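Understanding the architecture of this molecule
Spelled out from the first residue to the last, the chains are:
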Amino acid sequence: MSTPMSADVVVVGAGLAGLAAARDLSDGGADVLVVEARPRVGGRVEQVRQPDGRLVQLGGEVIGNSHTAYQQLVAELGLSLVPSYVAEPGELTYALHEAVYVGSSPPWFSAADHDSMARIEERFAGLAATVDPDDPWRHPDAAALDHTSVRQWLVAEQATPPVLRALEVAQLGLSAGSLERTSLLALLRKCATTESHGLYSYAEWENLRVAEGSATVALRMAEELGDRVRCSAPARAIKASAGGCSVQLDSGELLHCAAVVSAVPAGPFRDIETSGVSDARLESLHRQRHALAAKFVAAYPRPFWRDRGQSGLSESEGILGSSWPQGEAVLSTLVPPERLAAYVSTDPRFRRTEALAELARWFGPEAREPVATYERLWGTDPWTQGYITQWRPGDVLAVGPLHGTHEPPLYVCGSDQWVAGYMEGAVRTGRAAARAALQHG
Ligand SMILES: Cc1cc2nc3c(=O)[nH]c(=O)nc-3n(C[C@H](O)[C@H](O)[C@H](O)COP(=O)(O)OP(=O)(O)OC[C@H]3O[C@@H](n4cnc5c(N)ncnc54)[C@H](O)[C@@H]3O)c2cc1C
């Protein structure tokens, strides 16, 4: 008698990737079970409703023009995309150590700095055009590009000091690792997925959001899957074998299946005892890492920053690295990896006061009077242990060409398995994993 199966496929993790994979597997006729560690679905997309009815996003929010897999899923779910904060009137705020500037481009730039930035942009786009995002390892200079940090490249390209500073501030704004801790090949690979191939642009990466709320995308998929999603069920071990796989939960329960889809971030994956796959596969997965960050959100009665000609979008050298309006007078901010230790070392009550004081420095005293604030320490959360994928110099080669591939009957998805995280990466790799598993039978 054969071993009873709990499901054809067990998906570990109910973030966007795991849910997108499970939805397609289920539509393809597979019997699927999703196990999720937290008591809720969505992973790094999470929303709460304020008493006044406004939805507040505590995780991923915005997408860009080039995020086609995510856009396709949103359409299938009957949800709609609207312009993000890019539609907000007013100018960008640059909060530097010595001064706060408001302007459309770094106001401390001279004509020579603008020329330098334009040349850097052109050189970068030219180089990015030579990188295949699906196979950066085949680039003739892959090793050299990977072991070069973005900062080293900028210096070699004679970027002026004000340009270097502007790009460092922008990097803090994204909450990605700093330029000296980012592989040039990784950044080229990421930007090679866009039409312009240029350095980060808001239009290509951040100009849209889901009108019904970012986390609604996950909630809709979970609704469709119904009781095929089990929350508060952390996986502790995965055994992959052509003769039958198993997933053991923290409770000790053993789930049998023909295939497993791992849809957990790099950190939590290391905590799952995984057997039955090659050492090379495990090393590749364990080599991945995250930039650790936190999110602080302040909801206000009105968008007071507009009074001063500010859009609410900012890049900063402070503990908060950036802010942007997520909609209806709610400001999102990120604490970048290079600042997270300073942030978490502070008592939570004072973190709040200090964060609001920073916002007041940028936008005026009304910033100290929110109707509510929210804090989400994604970097120290055991089920995320991060924020988004980080590729330090050397990491693209260390993770290697197994990145984003599968070893049936173990399939791997999640935003870490794409070029650079993002909700697009989660949806794209989740659906690809489902396709691969269905094809393999
Ligand atoms: C503050 C913040 C802001 C962001 N902003 C944006 C943005 O504006 N635009 C954008 O595109 N992206 C953004 N991102 C990134 C984006 O949210 C993520 O890349 C994406 O949501 C990840 O989806 P995922 O399914 O790959 O992983 P996750 O959402 O992390 O899902 C993984 C799931 O696995 C579960 N899990 C972990 N361990 C176990 C276990 N042992 N057993 C069972 N389940 C487990 C977790 O609880 C989680 O639900 C942001 C992320 C953060 C944190």
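These numbers come from a predicted model, not from an experiment.

**Points about the packing of aromatic side chains**
Applying the stated rule across the entire model yields 13 aromatic pairs. Summarising the aromatic geometry, the rings of Tyr101 and Trp108 are spaced 5.8 Å apart at their centres and angled 40° between planes, so their arrangement reads as tilted. With centroids separated by 4.8 Å and ring planes inclined at 40°, the aromatic side chains of Trp205 and Tyr422 adopt a geometry described as tilted. Remark: Tyr422 occurs in helix 15 (residues 422-440) and Trp205 occurs in helix 8 (residues 202-206); sequence separation between them is 217 residues. The class for Trp205 is buried, based on a relative accessible area of 0%. Site record: aromatic cluster; members linked through ring pairs are Tyr300, Phe304, Trp305, Trp362 and Phe363.

**Topic: the site of the ligand**
Around the ligand sit 35 residues in total, of which Glu36, Arg44, Val62, Ser415 and Met423 are the nearest. At 2.8 Å from a nitrogen atom of the ligand is found a main-chain nitrogen or oxygen belonging to Ala235. The contact in question runs from an oxygen atom of the ligand to an N or O atom on the backbone of Tyr422, over 3.4 Å. In isolation the ligand exposes 1000 Å². Once the protein is present, 97% of that is buried. At the level of elements, helix 1 (16-27), strand 22 (387-390) and helix 15 are the ones that each hand at least two residues to the shell around the ligand. With three residues, helix 15 is the single largest residue contributor to the shell around the ligand. Tallied by class, the residues present in the shell around the ligand amount to 22 nonpolar, eight polar and five charged.

**What about the nonpolar core?**
Residues Val11, Leu16, Leu19, Leu25, Tyr70, Val217 and Val261 are the most contacted members of the largest nonpolar core, which totals 43 residues. If you list the elements that add at least two residues to this core, you get strand 1 (9-12), helix 1, strand 2 (32-35), helix 2 (68-76), strand 9 (208-210), helix 9 (216-225), strand 14 (259-262) and helix 15. Apart from the residues lying within four places of it in its own chain, the contact partners of Leu16 are Gly42, Val45, Tyr70, Val217, Ala218, Met221, Met423, Ala426 and Val427. Grouped together as the second largest cluster of nonpolar side chains are 42 residues, Leu92, Phe109, Ile120 and Leu184 included.

**Topic: the sheet that holds strand 13 (residues 254-257)**
Pairing is mixed across the open sheet formed by four strands, whose spatial order is 13-12-11-15. Two strands in the sheet have a free side with no partner beyond their single neighbour: strand 13 and strand 15 (273-275). Geometrically, the sheet is characterised by an average inter-axis angle of 15° between neighbouring strands, direction not taken into account. Pairing geometry for strand 12 (residues 245-249) and strand 13, over four bridges, is antiparallel. Paired with Val247 across the bridge in strand 13 is Leu255.

Quick notes on the rules
Residues numbered from 1 in each chain as written. Predicted model: local features only at pLDDT ≥ 70, side-chain atom pairs only at ≥ 80, totals over all residues. Heavy atoms only, no water. Phe/Tyr/Trp six-rings, centres within 6.5 Å; stacked < 30°, edge-to-face > 60°. Helix = DSSP H or I, 4+ residues; strand = E, 2+ residues; numbered from the N terminus. Buried < 20%, exposed > 50% of the residue type's maximum accessible area, 1.4 Å probe, protein only. Near = heavy atom within 4 Å. Polar contact = N/O pair within 3.5 Å; in protein donor to acceptor, adjacent residues only side chain to side chain. Areas by Shrake-Rupley, 256 points an atom, 1.4 Å probe, with all protein chains shown as cover. Nonpolar A, V, L, I, M, F, W, Y, C, P; charged D, E, K, R; others polar. Core = buried A, V, L, I, M, F, W, Y, C linked by side-chain atoms within 4.5 Å. Contact = heavy atoms within 4.5 Å. Pairing = 2+ DSSP bridges. Axes fitted to C-alpha atoms, helices over the stretch in contact; angles between N-to-C directions.

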